[in-house]
Amino acid sequence: MSLIMMKKKPSINGYSKLEKEDPQDIIHRRAQFLIYKALKQADSSRKPSFLRIRFCRLKIKIGNKLKKLKKNMSGFNFIVRVRIYKRIVHQLKLLFCNNGDFSVPTLPSIVS
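Since the structure is predicted, the reported quantities are computational estimates derived from the model, not experimental observations.

1. Examining the overall build of the protein
- Within the protein, the regular secondary structure consists of two helices and two strands.
- Secondary structure elements of the protein occur, N-terminal to C-terminal, as α-α-β-β.
- Burial analysis of the protein (112 residues in total) assigns 0% to the buried set.
- With the model as given, the accessible surface of the protein reaches about 11,900 Å², and the carbon-plus-sulfur share is 64%.

Right under this line is the structure:
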């Protein structure tokens, strides 16, 4: 008894209502559809081409090289910042400290 059809009074558009379908039939139909879908997908899938595999490997190599370059550049930026900081500190020490004494340098006056 796959479909129980209870004819009722026809509606305005001429269609009659149907009873609910048997749950076992619903499960069976869904399983058949999934099997059909899996078989169709297996038929449509093709072996990946040599060019596609090669292209994927190339993208991985490029990604690894970019990651390495980024890491090296961040280290390089750190070294540059440290060197600039040391140079500035050294110049400030020369400017403000004379033999360990902290003194403000005198500027020549404009009006003399």
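Structure's up, so let's keep going.
2. So, the pattern of salt bridges
- Considering all chains together, one arrives at one salt bridge under this definition.
- Taking the shortest distance from any N to any O, the salt bridge between Arg29 and Glu21 comes out at 2.5 Å.
- Residue Arg29 is classed as partly exposed on the basis of its relative accessible area of 46%.

3. Considering a positive patch on the surface
- A cluster of basic residues, Arg54, Arg57, Lys61, Lys65 and Lys68, forms a positive patch on the protein surface.
- A relative accessible area of 58% places Arg54 in the exposed class.

4. Digging into the confidence of the model for the protein
- For the protein, the mean per-residue pLDDT works out to 78, and 74% of the residues sit at or above 70.
- Taking the mean pLDDT of every element in the protein, the minimum, 55, falls on strand β2 (residues 101–102) and the maximum, 90, on helix α1 (residues 23–44).

Cut-off values and rules
- Residues numbered from 1 in each chain as written.
- Predicted model: local features only at pLDDT ≥ 70, side-chain atom pairs only at ≥ 80, totals over all residues.
- Heavy atoms only, no water.
- Helix = DSSP H or I, 4+ residues; strand = E, 2+ residues; numbered from the N terminus.
- Buried < 20%, exposed > 50% of the residue type's maximum accessible area, 1.4 Å probe, protein only.
- Areas by Shrake-Rupley, 256 points an atom, 1.4 Å probe, with all protein chains shown as cover.
- Salt bridge = Lys/Arg side-chain N within 4 Å of Asp/Glu carboxyl O.
- Patch = residues over 30% accessible without salt bridge, like charges linked within 9 Å, V, L, I, M, F, W, Y side chains within 5 Å.
- Lys, Arg positive; Asp, Glu negative; His and termini not counted.
- Charge placed at Lys NZ, Arg CZ, Asp CG, Glu CD.
- pLDDT = per-residue confidence, 0-100.

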